[in-house]
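# Fold and contact review
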Amino acid sequence: MRRVAAELGAATMSLYRHVADKDDLLTRMMDRVVAERPLPSDRPESWREAVELAVRQFWDLFRRHPWLAAALSVTRPQMITTALPYSEWVLATLHEQGLDPRTAFTAHLMLLNHARGTAIHLETEREAEADSGLGSEEWMDTQEPALMAILAGGGFPELSRLTTTGFELDLDALFEFGLRRLLDGLGVLLGETPQPS
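Right, let's walk through the structure included here. (Residues numbered from 1 in each chain as written. Predicted model: local features only at pLDDT ≥ 70, side-chain atom pairs only at ≥ 80, totals over all residues. Heavy atoms only, no water.)

## Some words on the pattern of salt bridges
- On inspection of all chains with the given rule, the structure shows twelve salt bridges.
- Between arginine 64 and glutamate 36 there is a salt bridge; the shortest N-O distance is 4.0 Å. Of the two residues, arginine 64 is situated in helix H3 (residues 47-64) and glutamate 36 in the loop between helix H2 (22-34) and H3; the sequence distance between them amounts to 28 residues.
- Residue class for arginine 64 comes out partly exposed when judged on its relative accessible area of 47%.
- Its relative accessible area of 38% is what places glutamate 36 among the partly exposed residues. (Salt bridge = Lys/Arg side-chain N within 4 Å of Asp/Glu carboxyl O. Helix = DSSP H or I, 4+ residues; strand = E, 2+ residues; numbered from the N terminus. Buried < 20%, exposed > 50% of the residue type's maximum accessible area, 1.4 Å probe, protein only.)

Shown next as structure tokens:
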């Protein structure tokens, strides 16, 4: 609250005339940014397209506002009224496919938490880069000698193989891979025949 007050050029205590506390401020901020991406008025006919659209929009919000993923709680959900249409959209879509309310809500939370869990790294990477002055690739370069020394002992053949083929962590690609697998699994639960991907 002190930082917010400083940025506004106001006394810290004056903020409490507008918000009850830090949690109230965060909830209002989250409500505002979720409102930036309303869902369209019509849901796609395909359950997969409808669910994917909702999850992708949240991923986009997390990309635009890296603080959002850490602020959003799954275990103690805040009353973010602009997020309720997302829940209703996914629940209605999955209910129409025959899922009971508990299973549909569990699937909704699983998908939301996939996007949120992946997005948590956006803010931590931004903070780490600010603290160290090194981008993720530059930081990895500083760690390579120690990793190669450990792998030289031969105890980790799969990790050694990975160092020869190369791997670049890309959070968007990680999100995409996970989303595809989760939707494929949800399709199996809904009775669809798995498709090779």
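## Comments concerning the packing of H3 against helix H5 (residues 84-96)
- One way to put it is that H3 packs onto H5 with a least axis distance of 9 Å and a crossing angle of 160°. By the angle between their axes, H3 is roughly antiparallel relative to H5. Regarding H3 and H5, the two cross each other, and that crossing is left-handed. Mapping the contact onto sequence places Trp47, Ala50, Val51, Leu53, Ala54, Gln57, Phe58 and Leu61 in H3 and Tyr86, Trp89, Val90, Thr93 and Leu94 in H5.
- Grouping the constituent residues of the contact of H3 with H5 by class yields eleven nonpolar, two polar and no charged. (Axes fitted to C-alpha atoms, helices over the stretch in contact; angles between N-to-C directions. Parallel < 35°, antiparallel > 145°, perpendicular 65-115°, else oblique. Left-handed = near helix turned anticlockwise from the far one by under 90°. Contact = heavy atoms within 4.5 Å. Nonpolar A, V, L, I, M, F, W, Y, C, P; charged D, E, K, R; others polar.)

## Let's talk about the nonpolar core
- In terms of nonpolar packing, the biggest core is built from 37 residues, with Val51, Phe58, Phe62 and Leu94 touching the most fellow members.
- With nine residues, the single largest contributor to this core is H3.
- Filtering out sequence-adjacent residues up to four positions away, phenylalanine 62 remains in contact with Leu68, Ala69, Leu72, Ala115, Arg116, Ala119 and Leu122. (Core = buried A, V, L, I, M, F, W, Y, C linked by side-chain atoms within 4.5 Å.)

## Observations concerning the packing of aromatic side chains
- Using the criterion set out here, one finds three aromatic pairs in the structure.
- Aromatic pair phenylalanine 58 and tyrosine 86: ring centres 4.7 Å apart, planes at 70°, arrangement edge-to-face. You can see phenylalanine 58 sitting in helix H3 and its partner tyrosine 86 sitting in helix H5, a full 28 residues away along the chain.
- The interplanar angle of 5° and the centroid separation of 4.4 Å between the aromatic rings of tryptophan 59 and phenylalanine 175 together place this pair among those described as stacked. Taken together, the positions of tryptophan 59 in helix H3 and phenylalanine 175 in helix H9 (residues 171-189) put the pair 116 residues apart, joining distant regions of the chain. Like tryptophan 59, the residue phenylalanine 175 is buried in the burial classification. (Phe/Tyr/Trp six-rings, centres within 6.5 Å; stacked < 30°, edge-to-face > 60°.)

## Let's talk about a nonpolar patch on the surface
- Taken together, the side chains of Ile150, Phe156, Leu159, Leu162, Phe167, Leu169 and Leu174 define a hydrophobic patch exposed on the protein surface, amounting to about 710 Å² of accessible area.
- Mapped onto the elements, phenylalanine 167 comes out in the loop between helix H8 (157-165) and H9.
- Residue classification places phenylalanine 167 among the exposed positions, given a relative accessible area of 61%. (Patch = residues over 30% accessible without salt bridge, like charges linked within 9 Å, V, L, I, M, F, W, Y side chains within 5 Å. Areas by Shrake-Rupley, 256 points an atom, 1.4 Å probe, with all protein chains shown as cover.)

## Section: a negative patch on the surface
- The grouping of Glu125, Glu129, Glu137, Glu138, Asp141, Glu144, Glu168 and Asp170 at the surface amounts to a negative patch.
- Listing elements by their share of the negative patch, those giving two or more residues are helix H6 (101-132) and helix H7 (136-151).
- Top contributing element to the negative patch by residue count: H7, with four residues.
- Within the secondary structure, glutamate 125 is located in helix H6.
- Residue class for glutamate 125 comes out partly exposed when judged on its relative accessible area of 30%. (Lys, Arg positive; Asp, Glu negative; His and termini not counted. Charge placed at Lys NZ, Arg CZ, Asp CG, Glu CD.)

Fair warning: the whole summary comes from geometry, so function is off the table for now.
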